[in-house]
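Per-entry structural report
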Amino acid sequence: MTLLAVRDLGVDFGGPPIVDGVSFSMKRGEIVALVGESGSGKSVASLALMGLLGRGNVTGSAILRLNDGRETDLARISSRERRGVLGRHVSMIFQDPLSSLDPIQTIGAQMREVLSLHCGLRGGKAQARAIELLHEVGIVDPQACLKLIPQRLSGGMRQRVLIAMAIAGEPELLLADEPTTALDVTVQAQVLRLLLSLRARSGMGMIFITHNLAVASSIADRVIVLYAGQVVEDAPADAFFAAPAMPYSKALLGAAPGIDSVFGARRLPILRGQVPAPGERGVGCRFAPRCDAMRPTPCQTQMPDLLNIADGENEVHAVRCGRWEELAR
Ligand SMILES: Nc1ncnc2c1ncn2[C@@H]1O[C@H](COP(=O)(O)OP(=O)(O)OP(=O)(O)O)[C@@H](O)[C@H]1O
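Residues numbered from 1 in each chain as written. Predicted model: local features only at pLDDT ≥ 70, side-chain atom pairs only at ≥ 80, totals over all residues. Heavy atoms only, no water.

Rule in force here: UniProt positions are given in the numbering used here, feature names are shortened, and annotations may be inferred rather than shown by experiment.
Looking at an unreviewed UniProt entry, one finds the protein chain named ABC transporter ATP-binding protein and attributed to Acetobacter nitrogenifigens DSM 23921 = NBRC 105050. UniProt lists a comment for the protein chain under the heading Subcellular location (unreviewed entry), and it reads "Cell inner membrane". According to UniProt, the comment filed for the protein chain under the heading Sequence similarities (unreviewed entry) is "Belongs to the ABC transporter superfamily."

**What about unusual backbone geometry?**
To be explicit about the condition: Numbering goes from the N terminus for both helices and strands, where a helix is a DSSP run of H or I of at least four residues and a strand is a run of E of at least two.
Going from Thr297 to Pro298, the amide bond is cis rather than trans, its omega being 5°. Structurally, the position occupied by Pro298 is in helix α12 (residues 296–300). A positive phi angle, close to 55°, is found at Asp8, a residue other than glycine. Within the secondary structure, Asp8 sits in strand β1 (residues 2–11). Positioned with a positive phi, Ala228 is a non-glycine residue whose angle comes to about 45°.

**Topic: helix α1 (residues 42–49)**
Note that an α-helix has 3.6 residues per turn; residues three or four places apart therefore point the same way. Put simply, the rule reads: The buried label applies to any residue whose accessible area, calculated with a 1.4 Å probe on protein chains only, is under 20% of its type's maximum; exposed applies above 50%, and partly exposed to all values in between. The directions considered for the arc are those from the helix axis to the C-beta atoms.
Among the residues of α1, Lys42, Ala45, Ser46, Ala48 and Leu49 are the ones counted as buried. Around the axis of α1, the buried residues are gathered within 155° of arc, so they sit on the same side. Where α1 terminates, the next one or two residues include Gly51, which has phi positive at roughly 75°.

**Here's the deal with the site of the ligand**
For the record, the criterion: Throughout, the term near means that a residue has one or more heavy atoms lying within 4 Å of the molecule or strand in question. Nitrogen and oxygen atoms within 3.5 Å of one another constitute a polar contact, given that in protein one can donate a hydrogen and the other can accept it, and given that sequence-neighbouring residues count only through two side-chain atoms. Calculation of accessible area relied on Shrake-Rupley with a 1.4 Å probe; when residues are assessed, cover is drawn exclusively from the protein chains displayed. Nonpolar residues are Ala, Val, Leu, Ile, Met, Phe, Trp, Tyr, Cys and Pro. Charged residues are Asp, Glu, Lys and Arg, and all others, Gly as well, are polar.
In the neighbourhood of the ligand, the contacting residues comprise Phe13, Ile18, Glu37, Ser38, Gly39, Ser40, Gly41, Lys42, Ser43, Val44, His211 and Pro278. Here an oxygen atom of the ligand sits 3.1 Å away from a polar atom, N or O, in the main chain of Ser40. Here an oxygen atom of the ligand and a side-chain polar atom of Lys42 are 2.9 Å apart. Its free accessible area being 640 Å², the ligand has 57% of it covered by the protein chains. For the shell around the ligand, the class distribution of residues is four nonpolar, six polar and two charged.

**Topic: the sheet that holds strand β8 (residues 205–210)**
Within a sheet, neighbouring strands are paired by backbone hydrogen bonds and run either parallel or antiparallel to one another. Which entries qualify depends on this criterion: Whether two strands pair depends on DSSP finding at least two bridges between them. In what follows, a contact means two residues having at least one pair of non-hydrogen atoms within 4.5 Å. Axes here refer to lines fitted to C-alpha atoms; in helices the fit is confined to the stretch in contact. Angles between the N-to-C directions go from 0 to 180 degrees.
Pairing within the open sheet is mixed, and its eight strands lie in the order β6-β7-β8-β3-β9-β10-β12-β11. Both outer strands of the open sheet, β6 (90–93) and β11 (307–308), are each paired with one neighbouring strand and no more. Sheet analysis places strand β9 (residues 222–227) next to strand β10 (residues 230–236), joined by six bridges and oriented antiparallel. Of the residues in β10, the one forming a bridge with Val225 is Glu233. Along the sheet, helix α11 (residues 247–254) makes contact with β9 and β10, crossing β9 at roughly 105°.

**Details of the sheet that holds β1**
Across the sheet, four strands lie side by side as β2-β1-β4-β5; this open sheet has antiparallel pairing. Both outer strands of the open sheet, β2 (19–27) and β5 (71–73), are each paired with one neighbouring strand and no more. With strand direction ignored, the average angle separating the axes of adjacent strands in the sheet is 10°. Across three bridges, the pairing between strand β4 (residues 58–65) and β5 is antiparallel.

**A closer look at the side chain of Glu172**
The topology assignment puts Glu172 in the loop between α7 (155–167) and β7 (173–177). Discounting residues that sit within four places of it in the chain, Glu172 has contacts with Leu3, Arg28, Arg65, Leu66, Asn67, Arg88, His89, Met204 and Gly205.

Below, the structure is given as structure tokens:
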């Protein structure tokens with residue numbers, strides 16, 4: 001069953017569009033990795049689809065189907081509605097847990113605030129639930145942790161605390177923006193395992209933004225590649241890692257051998273050239289200037305559509321390349 005349907009999402013801040021025509025769907029409980037080089041629009045697209053950008057900057061829709069069957073368009077949500085949705089139906093965690101936590105308040109005070117806001121719990125009930133949540137995210141001594149300020153915790157512990165806060169309201173959708181990037185590799189693997197176990201237990205869907213293909217292959221059911229503000233490939237993770245169809249995806253994977261677990265974690269390899277800035281995109285394929293398979297026609301003259309090339313009727317493996325069929329032979 002569909003959890004989120006993003007249609008034709010676009011973002012501009014008064015200049016040329018930063019993100020345009022982004023469409024994808026995700027199912028309940030699915031983990032989608034949103035990958036792409038720096039500047040490809042991952043953060044801007046995800047803020048837009050969480051309703052965190054001004055409505056004047058966003059076009060298109062991001063329809064979230066809530067557990068109770070109601071639907072809400074996150075891209076067009078009012079600030080009043082947003083207060084009822086954030087924390088309860090959608091939650092977020094970011095790369096740097098320290099900047100997401102208040103440095104002078106104890107973890108206990110911050111967790112009680114979240115539990116009061118999103119779950120209506122106060123006093124002893126909030127305390128008990130905070131302990132339960134910290135326990136759930138693998139903190140060995142929750143009572144001691146509640147008394148500490150964030151500075152006293154390790155990076156991995158802080159990220160666990162933030163995850164505990166993010167799941168307090170039992171959201172249907174968690175957006176995780178590079179949540180393991182600042183952590184060392186062993187802790188990174190622990191946090192990924194934790195997120196996988198939370199998904200298994202709660203059925204929460206996740207959009208996982210990452211630069212790191214090893215992380216994506218460790219956690220994702222589906223991979224969506226963003227390039228210069230557009231989706232260029234959207235595929236089940238198995239198909240993506242076995243046989244990517246878009247030359248950009250092939251280049252990324254080809255330049256990052258041995259992707260099989262987070263223990264071999266590395267960031268996206270550097271390909272020649274750069275992602276074109278929003279004002280510097282040509283009329284054709286945006287990857288054409290960097291593509292080894294580029295032909296002047298159609299690559300430079302025509303923007304390829306995002307085409308579903310999956311065999312099965314209900315499957316999606318979409319690719320934005322005018323030559324994908326030739327290249328697959
Ligand atoms: N508030 C803003 N006003 C104008 N341009 C912006 C704004 N925020 C981001 N951009 C531009 O949007 C483009 C995409 O940025 P975004 O942060 O979404 O990329 P990203 O893929 O998340 O990169 P990274 O992985 O480095 O975070 C960049 O060219 C950036 O300069």
